[in-house]
Amino acid sequence: MTYRFQFRPYRRRFVRSLTTNHGIWDVREGIILRLTDESGKVGWGEIAPISWFGSETLEQALDFCGQLPEKITDEIILSIPDELPACQFGFESAWEWGSEFFSMPNPQSFSGLLPSGEAALNQWGTLWQRGYRTFKWKIGVYAIANELKIFESLIHALPAFTKLRLDANGGLTYEEAKLWLWTCDNLKANAELAVEIEFIEQPLPVEQFQGILELSKSYETAIALDESVATLKQLAACYQQGWRGIFVIKPGIVGSPSRLRKFCHQYKIDTVFSSVFETAIARLAALQLAAELSRNNRAIGFGIDHFFEQEDTWLQSLWNDL
Ligand code: MG
């Protein structure tokens, strides 16, 4: 089969910038692509790289798209190199577009992203009203003493049966990670607390895998790897080195969906699927993978709508000139 290939770069400003241990992020840039097969059937795809997280850069993705001919084949799509994981995802999902029935999960199966620091205390209520019951809060952004204080307020403010995920984005020292895990273990032992700390995400930097592995064996509180498993290659390496905790999978940058499926089926890993602040196009493909591959009933990390303006109109305008 051959497909007519077209692409458009895009830029989207966040309504509220995103602050993590990696810094401040204001503008999401990516590429929307369109494949039209010989019968006229259209498939949409999106390349939404995050180079500081381990994917290719936007420039590399644009270069790749730019050097492709206008007509491409299945072979081209399935042989995109591993160095371009966001491209693998974008092309393969456009290629699979609409192949399966898919229904949107309800808000309760999403995790809502809270702003870092004290702002979380004013934000969770709005998300709760929208139906979110699992929240993620970024830590390792401000001084640990401050964050522990806000954390204390937050867990007492949150309603019973709420789940809370703490995401350090690799920003803690070993000692700080121990303090967070110890604090969470203690909370768990306190029967009065009705909030569940689901896990701490990526407490230490990627280079300190052995440290994270050690921590995961020393505390009750679960740990999830995120930055450490940005791409399929890293995911397989961490599994091989003995990681049996939670894997956060960002379909947008992890690489080939078909190879991801194979890995998840073979090793039955405990996964949490998560957003890369993509548009509705990549999100649909990512949610489909999440619905297919999630185990253990974990909420999926796509509760980020409140970071963008309504997207229907600008997605259309992006293609109006075609
Ligand atoms: Mg994370």
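Just so we're clear, the structure is a prediction, and the values are computed from it rather than from any experiment.

Regarding the overall build of the chain
For step 1, the next point in the chain: Along its length, the chain carries 12 helices and 12 strands.
For step 2, the next point in the chain: If one aligns the C-alpha atoms of the chain with their principal axes, the spans along those axes are about 60 × 40 × 35 Å.
For step 3, the next point in the chain: Counting contacts in the chain only where the partners sit at least 6 residues apart, residues at least 24 apart contribute 70% of the total.
For step 4, the next point in the chain: Carbon and sulfur atoms form 51% of the exposed surface of the chain, whose accessible area is close to 14300 Å².
For step 5, the next point in the chain: The chain carries 30 positive and 40 negative side-chain charges, and their two centres are separated by 3 Å.

So, the environment of G43
For step 1, the next point in the chain: Within the secondary structure, G43 sits in strand β3 (residues 42-47).
For step 2, the next point in the chain: A relative accessible area of 3% means that G43 is categorised as buried.
For step 3, the next point in the chain: For the pair G43 and S275, spaced 232 residues apart in sequence, the C-alpha to C-alpha distance is 21 Å.

Re the domain arrangement of the chain
For step 1, the next point in the chain: We note that the domain assignment places domain 1 (2-101 + 310-321) and domain 2 (107-307) within the chain.
For step 2, the next point in the chain: Inter-centroid distance (C-alpha atoms) of domain 1 to domain 2 is 25 Å.
For step 3, the next point in the chain: Between domain 1 and domain 2, the residue contacts involve 36 residues of the former and 41 residues of the latter.
For step 4, the next point in the chain: It is R16, F53 and F89 that lose the most area in domain 1 upon contact with domain 2, and together they represent 24% of the buried surface on that side.
For step 5, the next point in the chain: Where domain 1 touches domain 2, the interface holds 2 salt bridges.
For step 6, the next point in the chain: With a shortest N-O distance of 2.8 Å, D82 and R259 are connected by a salt bridge.
For step 7, the next point in the chain: Taken together, the links from domain 1 to domain 2 amount to 10 residue pairs in polar contact (both at pLDDT 80 or more).
For step 8, the next point in the chain: Elements supplying a minimum of two residues to the side of domain 1 that touches domain 2: β1 (2-20), β2 (23-37), β3, α3 (85-96) and α12 (312-319).
For step 9, the next point in the chain: Considering each element in turn, the side of domain 1 that touches domain 2 owes the most residues, 9 residues, to β1.
For step 10, the next point in the chain: Class assignment for the residues of the side of domain 1 that touches domain 2 results in 17 nonpolar, 10 polar and 9 charged.

Comments concerning the coordination of the magnesium ion
Tetrahedral coordination by four donors puts the ideal angle at the metal at 109.5 degrees, and octahedral coordination by six puts it at 90 or 180 degrees.
For step 1, the next point in the chain: Protein-derived ligands of the magnesium ion are D167 (OD), E201 (OE) and D226 (OD), with the metal-ligand distances lying across 2.1 to 2.2 Å.
For step 2, the next point in the chain: Positions of the donor residues of the magnesium ion along the chain correspond to the pattern D-x33-E-x24-D. Here the residue D167 occupies a position in strand β7 (residues 163-167), and D226 occupies one in the loop between β9 (223-225) and α8 (232-240), the gap between them amounting to 59 residues. The pair formed by D167 and D226 is uniform in burial state, with each residue classed as buried.

Let's talk about the side chain of K136
For step 1, the next point in the chain: Tracing the sequence through the fold places K136 in strand β6 (residues 134-138).
For step 2, the next point in the chain: On the basis of relative accessibility, which here comes to 11%, the residue K136 falls in the buried class.
For step 3, the next point in the chain: A polar contact of 3.4 Å, which involves the side chain of K136, links it to the side chain of D167.
For step 4, the next point in the chain: A polar atom in the side chain of K136 sits 3.0 Å from the side chain of E201.
For step 5, the next point in the chain: Sequence-distant contacts of K136, defined by excluding residues within four places in its chain, comprise S111, G112, L113, L114, R165, D167 and E201.

With respect to the packing of aromatic side chains
For step 1, the next point in the chain: All chains considered together, the criterion is met by 13 aromatic pairs.
For step 2, the next point in the chain: Aromatic side chains W25 and W52 sit 5.4 Å apart centroid to centroid with 85° between the ring planes, which places their arrangement in the edge-to-face category. Taken together, the residues W25 in strand β2 and W52 in the loop between β3 and α1 (58-67) connect sequence positions 27 residues apart.
For step 3, the next point in the chain: An aromatic cluster is built from F14, W25, W52, F53 and F277, whose rings are joined through pairwise contacts.
For step 4, the next point in the chain: When the ring centre of W128 is taken as origin, the NZ or CZ atom of R133, which lies over that ring, is 3.5 Å away.
For step 5, the next point in the chain: Its guanidinium or amino end placed over the ring of Y239, R244 lies 3.7 Å from that ring's centre, counting from NZ or CZ.

Here's the deal with the sheet that holds strand β4 (residues 71-73)
For step 1, the next point in the chain: The strand order across the open sheet formed by 4 strands is β3-β2-β1-β4, and the pairing between neighbours is antiparallel. The two strands at the open ends of the sheet, each matched to only one other strand, are β3 and β4. Averaged over neighbouring strand pairs, the angle between their axes works out to 45° when direction is ignored.
For step 2, the next point in the chain: Strand direction decides the pairing type here: β1 and β2, joined by 14 bridges, are antiparallel.

A short note on the packing of helix α4 (residues 120-129) against helix α5 (residues 144-157)
For step 1, the next point in the chain: Their axes nearest at 10 Å, the elements α4 and α5 cross at an angle of 25°. By the criterion of interaxial angle, the relationship of α4 to α5 is roughly parallel. Like other packed secondary-structure pairs, α4 and α5 cross with a definite hand, here right-handed. Counted together, A120, L121 and W124 of α4 and I150, S153, L154 and A157 of α5 form the full contact between these two elements.
For step 2, the next point in the chain: Classifying every residue of the contact of α4 with α5 by side-chain character gives 6 nonpolar, 1 polar and no charged.

Procedures and definitions
- Numbering of residues begins from 1 in every chain and follows the order in which that chain's sequence is written.
- The model is predicted, so local features are restricted to residues of pLDDT at least 70 and side-chain atom pairs to those at 80 or more, both for listing and for counting; the totals for chains, interfaces and linings are taken over all residues.
- Hydrogens are left out, water is left out, and the side-chain values use all remaining heavy atoms of the structure.
- Labels follow the DSSP assignment, with helices taken as runs of H or I lasting at least four residues and strands as runs of E lasting at least two, numbered in each case from the N terminus.
- Every residue pair with non-hydrogen atoms within 4.5 Å of one another is taken to be in contact.
- Surface accessibility follows the Shrake-Rupley procedure with a 1.4 Å probe radius. Residue values consider only the protein chains on display as shielding.
- Working convention for charge: Lys and Arg count positive, Asp and Glu count negative, and His plus the chain ends are omitted.
- Charged side chains are reduced to one point each, which is NZ for Lys, CZ for Arg, CG for Asp and CD for Glu.
- For every residue, the accessible area (1.4 Å probe, protein chains only) is compared with the maximum for its type, and the residue is labelled buried under 20%, exposed over 50%, or partly exposed between those bounds.
- The source of the domain bounds is an automatic or database domain assignment.
- A quick way to say it: buried area is the sum, across both parts, of accessible area lost when two parts are put together, with a 1.4 Å probe.
- A pairing counts as a salt bridge when a side-chain nitrogen of Lys or Arg comes within 4 Å of a carboxyl oxygen of Asp or Glu.
- Here a polar contact means two N or O atoms within 3.5 Å. Within protein one must be a hydrogen donor candidate and the other an acceptor candidate, and residues neighboring in sequence count only if both atoms are side-chain atoms.
- Throughout, the ten residues Ala, Val, Leu, Ile, Met, Phe, Trp, Tyr, Cys and Pro are labelled nonpolar, Asp, Glu, Lys and Arg are labelled charged, and all others, Gly among them, are labelled polar.
- Only N, O and S atoms count as donors, using a 2.8 Å limit from the metal and a wider 3.2 Å limit for Na, K and Ca, and since water is excluded some coordination spheres may look unfilled.
- Two aromatic rings, drawn from Phe, Tyr or Trp (for Trp, its six-membered ring), form a pair once their centres lie within 6.5 Å of each other, and the interplanar angle then sorts them: stacked below 30 degrees, edge-to-face above 60, tilted otherwise.
- Placement of a positive charge over a ring is assigned whenever Lys NZ or Arg CZ falls within 6 Å of the ring centre and within 35 degrees of the normal to the ring plane.
- We call two strands paired when DSSP finds no fewer than two bridges between them.
- Fitting a line to C-alpha atoms yields each axis, with helices limited to the stretch in contact; the angle taken between N-to-C directions then spans 0 to 180 degrees.
- Angles below 35 degrees are treated as roughly parallel, those above 145 as roughly antiparallel, those between 65 and 115 as roughly perpendicular, and all remaining angles as oblique.
- Handedness of a crossing follows from how the near helix is turned relative to the far one, being left-handed for an anticlockwise turn of less than a right angle and right-handed for a clockwise one.

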